[in-house]
Amino acid sequence: MEISKLTLKQQRFADEYIISGNATAAAIKAGYSKKTARSIGQENLTKPDVKSYIDKRLAELKADKIADQTEVLEFLTAAMRGEVTEPILKNSGDFEQVIVDVKPSVATRKQAAELLGKRYGLWVDRKEVEHTGEVTFIDDIS
């Protein structure tokens, strides 16, 4: 990411704006004066370099935090195959419990299989109908 076009204050402003979504508060935290923070904040949002930096950072954050289709399908497949574990509480005696990792239950695995099946359209009810007659449209709406 090219940030050399931004001043240090502009970069701080952009980073604070990403966190809060408030241009005035971001300008104050970046070191601009409280008197001019509102106008500077709005002005910074119109500058192409600042806007570009904000857009790139938001895209990076979105890409890192949100699972894509492949990741979701890989997880569902691993759950269906019992390759992942889930924590459960287990009695260890003397009124104590410990957390142990166990493979997913059959119900959990079945649910993962159903979700994968829906994704790939495995259970779509389809009926093939052959029609050899003539189709006639009647305009009966007057």
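Check the entry above for the structure.
The rules behind the values
Residues numbered from 1 in each chain as written. Predicted model: local features only at pLDDT ≥ 70, side-chain atom pairs only at ≥ 80, totals over all residues. Heavy atoms only, no water. Axes fitted to C-alpha atoms, helices over the stretch in contact; angles between N-to-C directions. Helix = DSSP H or I, 4+ residues; strand = E, 2+ residues; numbered from the N terminus. Parallel < 35°, antiparallel > 145°, perpendicular 65-115°, else oblique. Left-handed = near helix turned anticlockwise from the far one by under 90°. Contact = heavy atoms within 4.5 Å. Nonpolar A, V, L, I, M, F, W, Y, C, P; charged D, E, K, R; others polar. Buried < 20%, exposed > 50% of the residue type's maximum accessible area, 1.4 Å probe, protein only. Polar contact = N/O pair within 3.5 Å; in protein donor to acceptor, adjacent residues only side chain to side chain.

Asker: How would you explain the packing of helix α1 (residues 8-20) against helix α4 (residues 48-65) if you had to name every residue and give the values?
Answerer: In the contact formed by α1 and α4, the axes pass within 10 Å of each other and the chain directions differ by 45°. Relative to α4, the element α1 is oriented oblique. As for the relative orientation of α1 and α4, their crossing is right-handed in sense. In this structure, α1 contributes Gln-10, Gln-11, Phe-13, Ala-14, Asp-15, Tyr-17 and Ile-18 to the contact, and α4 contributes Val-50, Tyr-53, Ile-54, Arg-57, Leu-58 and Leu-61. The class makeup of the residues in the contact of α1 with α4 is 9 nonpolar, 2 polar and 2 charged.

Asker: I'd like a rundown of the side chain of Gln-10, residues and numbers included.
Answerer: Among the secondary structure elements, Gln-10 is positioned in helix α1. The class of Gln-10 is buried, set by a relative accessible area of 11%. Engagement of the side chain of Gln-10 in a polar contact is seen with the backbone nitrogen of Thr-7, the distance being 2.9 Å. Excluding anything up to four places from it in sequence, Gln-10 contacts Lys-5, Tyr-32, Asn-44, Lys-47 and Val-50.

Asker: Hey, could you go over the packing of helix α2 (residues 23-30) against helix α3 (residues 37-46) for me, with residue numbers and the actual values?
Answerer: Where α2 meets α3, the axes come as close as 8 Å, and the angle between the chain directions of the two elements is 105°. With respect to α3, the axis of α2 lies roughly perpendicular. Contact residues: α2 offers Ala-23, Thr-24, Ala-27 and Ile-28, while α3 offers Ala-37, Arg-38, Gly-41, Gln-42 and Leu-45. Residue classes in the contact of α2 with α3 are distributed as 5 nonpolar, 3 polar and 1 charged.

Worth remembering: the numbers are spatial, not functional.
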